[in-house]
Amino acid sequence: MGKKCIRVIALFLIVCLGSLCGCVSKQKQDNVIDRKGASEEGKPLSDTPEDDSDYIVVGFSQVGSESDWRNASTESFRKMFTAANGYYLLYEDAQQKQENQLKDVRNFILQEVDYIILDPIVETGWETVLKEAKDAGIPVILVDRKIEVADEDLYTCWVGSNFEEEGRRAGEWLENYLKLQKRKDKKLRIVTLQGTPESSAQIGRTAGFAKVLAKNKNWTMLERRNGEFTQAKGKEVMEDFLAEYEDIDVVVSENDNMTFGAIEAIEAAGKRCGPSGDIIVISFDAVQAALELMQRGKINADFECNPMLGPIVSDLIQRLERGEEVKKTQYVDEQYFDASMNLGEILRKRVY
Ligand code: GYE
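Residues numbered from 1 in each chain as written. Predicted model: local features only at pLDDT ≥ 70, side-chain atom pairs only at ≥ 80, totals over all residues. Heavy atoms only, no water.

This model, assessed by the stated rule, comprises 24 salt bridges. Between arginine 225 and aspartate 240 there is a salt bridge, with its nearest N and O atoms 3.4 Å apart. Of this pair, arginine 225 sits in strand β9 (residues 219-226) while aspartate 240 is found in helix α7 (residues 231-244), placing the two residues 15 residues apart along the sequence. With a relative accessible area of 21%, arginine 225 lands in the partly exposed category. Overall, the relative accessible area of 31% leaves aspartate 240 in the partly exposed class. Between glutamate 267 and lysine 298 there is a salt bridge whose closest N-O contact spans 2.7 Å. Residue glutamate 267 is located in helix α8 (residues 256-268), and its partner lysine 298 is located in the loop between α9 (288-295) and β12 (301-304); the two are separated by 31 residues in the primary sequence. By relative accessible area, which is 37% here, glutamate 267 ends up partly exposed. Residue classification places lysine 298 among the buried positions, given a relative accessible area of 17%. Taken together, the salt bridges that share partners define one network made up of Glu66, Arg70, Asp119, Asp144 and Arg145. (Salt bridge = Lys/Arg side-chain N within 4 Å of Asp/Glu carboxyl O. Helix = DSSP H or I, 4+ residues; strand = E, 2+ residues; numbered from the N terminus. Buried < 20%, exposed > 50% of the residue type's maximum accessible area, 1.4 Å probe, protein only.)

Under the defined criterion, the tally for this structure stands at 10 aromatic pairs. Between tryptophan 158 and tyrosine 331, the ring centres sit 5.2 Å apart and the planes meet at 75°, which makes this aromatic pair edge-to-face. Taken together, the positions of tryptophan 158 in strand β7 (residues 157-160) and tyrosine 331 in strand β13 (residues 329-331) put the pair 173 residues apart, joining distant regions of the chain. For the ring pair tryptophan 173 and tyrosine 177, a centre distance of 4.7 Å and an interplane angle of 15° mean the geometry is stacked. Placement of the pair is tryptophan 173 and tyrosine 177 together in helix α5 (residues 163-180), with a separation of 4 residues, close to one helical turn. Using a relative accessible area of 16% as the deciding quantity, one classes tyrosine 177 as buried. These aromatic residues form a ring-pair network of at least three members: Phe60, Phe77, Phe81, Tyr87 and Tyr91. (Phe/Tyr/Trp six-rings, centres within 6.5 Å; stacked < 30°, edge-to-face > 60°.)

Two strands pair when backbone bridges link them, and strand β8 (residues 188-194) and β9 are joined in this way by 7 bridges, in the parallel orientation. Pairing of valine 191 across the sheet is with glutamate 223, part of β9. In this view, the connection linking β8 to its parallel neighbour β9 by way of helix α6 (residues 200-215) has right-handed handedness. (Pairing = 2+ DSSP bridges. Right-handed = clockwise from strand over helix to strand, strands pointing away.)

Taken together, Glu127, Glu148, Asp151, Glu152, Asp153 and Glu198 make up a surface patch of like negative charges. Residue position: aspartate 151 is located in the loop between β6 (140-144) and β7. Judged by its relative accessible area of 35%, aspartate 151 is partly exposed. (Patch = residues over 30% accessible without salt bridge, like charges linked within 9 Å, V, L, I, M, F, W, Y side chains within 5 Å. Areas by Shrake-Rupley, 256 points an atom, 1.4 Å probe, with all protein chains shown as cover. Lys, Arg positive; Asp, Glu negative; His and termini not counted. Charge placed at Lys NZ, Arg CZ, Asp CG, Glu CD.)

Pairing between sheet strands relies on hydrogen bonds along the backbone, with the strands arranged either parallel or antiparallel. Pairing is mixed across the open sheet formed by 6 strands, whose spatial order is β9-β8-β10-β11-β12-β14. Where the open sheet ends on each side, the last strands, each with one partner, are β9 and β14 (336-338). The average angle at which neighbouring strand axes cross in this sheet is 15°, direction not considered. Bridge count between β12 and β14: 3 bridges; the pairing is antiparallel. Within the sheet, the bridge partner assigned to alanine 301 lies in β14 and is aspartate 338. The strands touched by α9 within the sheet are β12 and β14, with β12 carrying the most contacts at an inclination of about 160°. (Axes fitted to C-alpha atoms, helices over the stretch in contact; angles between N-to-C directions. Contact = heavy atoms within 4.5 Å.)

Moving on to the nonpolar core. Val191, Met238, Phe241, Ile248, Val251 and Ile266 are the most contacted members of the largest nonpolar core, which has 34 residues in total. For valine 251, the contacting residues outside a window of four places in its chain are Val191, Leu193, Met238, Ile266, Ile279, Ile280, Val281 and Ile282. Counting residues in each nonpolar core, the second largest holds 22 residues, with Val113, Leu118, Val140 and Trp158 among its members. (Core = buried A, V, L, I, M, F, W, Y, C linked by side-chain atoms within 4.5 Å.)

A separate point is the pairing of strand β11 (residues 280-285). Of all the 6 residues making up β11, 6 are buried; the element is thus mostly covered by neighbouring parts of the structure. Of the pairings in the sheet, the one linking strand β10 (residues 250-253) to β11 comprises 4 bridges and is parallel in character. The residue of β11 that forms the bridge with valine 251 is valine 281. Of the crossover connections in this fold, the one passing from β10 over α8 to the parallel β11 is right-handed. Alignment of β11 against β12, held across 4 bridges, turns out to be parallel. Bridge assignment links serine 283 to a residue of β12, and that residue is aspartate 302. After leaving β11, the chain enters α9 and then returns to the sheet as β12, a path that is right-handed.

Attention now moves to the site of the ligand. Not every one of the 13 residues close to the ligand is listed here, only the nearest: Glu66, Asp144, Arg145, Asn255 and Asp285. Residue arginine 205 places a side-chain N or O atom 2.8 Å away from an oxygen atom belonging to the ligand. A distance of 2.8 Å separates an oxygen atom of the ligand from a polar side-chain atom of asparagine 255. Protein chains bury 100% of the 300 Å² of accessible surface belonging to the ligand in isolation. Taken together, the residues of the shell around the ligand break down into 5 nonpolar, 2 polar and 6 charged. (Near = heavy atom within 4 Å. Polar contact = N/O pair within 3.5 Å; in protein donor to acceptor, adjacent residues only side chain to side chain. Nonpolar A, V, L, I, M, F, W, Y, C, P; charged D, E, K, R; others polar.)

Have a look at this one:
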C-alpha cells in the first residue's frame, strides 16, 4: 500500500470520525471535503477515491465567500481539482479571518497533504506557519493576494493580479475621461471604498490610484474608508459618505460587491451615478453582474481582476511533480471595460 493510499484513507477516516462524534462538520462533494460550516449529511462512502496511488492531495485555504469574484475563484479551483483530474482536494473557507487560515495550514500539515494552496487574507504574519510547512517538506503555492516575508524561500511560488497596476490604470482612465468631458481642470471630489485593510488587493489598488491622484492637484480625496469587500458594508459606508459630503464627483470602489452596495445607497439618496449621472463610479473585478450594471448606465469603468486561477495552479503543480522549475511570480493578464464599449458582445463571452 503506497504512502498516498495511506494518506487518502487517513483523510477519509478523519472525516468519518468527525461525523461520528459530531465534532467536525463535513460536506463531501465529489473528491472535495469542506469541514467548516458545512452540513452533517455528506455523501455516501463510495465517493471516496478508490484508486490509491495517483491522487495528488491538495489543501486549499480560501479567503472566504465575501464577493462574486471570490465565488468565481472557488469555483475555478473546485472545477480543476477533481478526482477525474487526479486530485484529492481539501477545501477550507477562512471566512476572512487570518487566524482560520493559520489553523487550516497547520491542519493540512498534520494531514500530510502534497501541496498547500493559500490565498492569504492579509500580507503579514505568515513566517511561523510557512516555516512549519517548509520543515514538513510541503510546497506552498500562494494565489491571488501576496505576502510580505523576508525569506522568499518560505513559499514555492505566487500567481495572481497586479493590483497596483489596476489602481494606476483606474486613475489614468479617470484623467482621460475628464479630458474627453472637458472637465480636466475642474475641482474633483473623490471618495474611496477600500477593501479589507492590509490585503494586497486593498494596498495595491489604493497605492496605484494614489500615484495618479498626486499628479492631479485639482483632485481631492475626501476620504477612504473600509468597506470590507462586501455589498452590505459598501452600502453602509456610501450612505455615511453621502450624509457627510455634499458634492461627491467620483466613487472609487475597490471591488464590485462594494460597488453594488454603493449604487443602492446613491440611488436611495435620490442621486444618479454612471455616465449620465451625478457621480462617476469606478470599480474593480469586472464580474458579470457589474458589467450588466455598466450596460444599464450605472458604472463608468471597471478594472478586471482575473479569478480563474485553478487551471494555472494545476499546471504549476504538474510541473513541480515532474521536478521542473516554476516561475516564482506570475501575473495573469487583465483588461478593463467602460461604458463606451460593446458590452453586449463582451458579456456574451464572459465566463465570470
Ligand atoms: O477584488 C474582491 C475579493 O483578492 C482580488 O478579494 C481579490 C479581491 C477581489 O473579495 O472582490
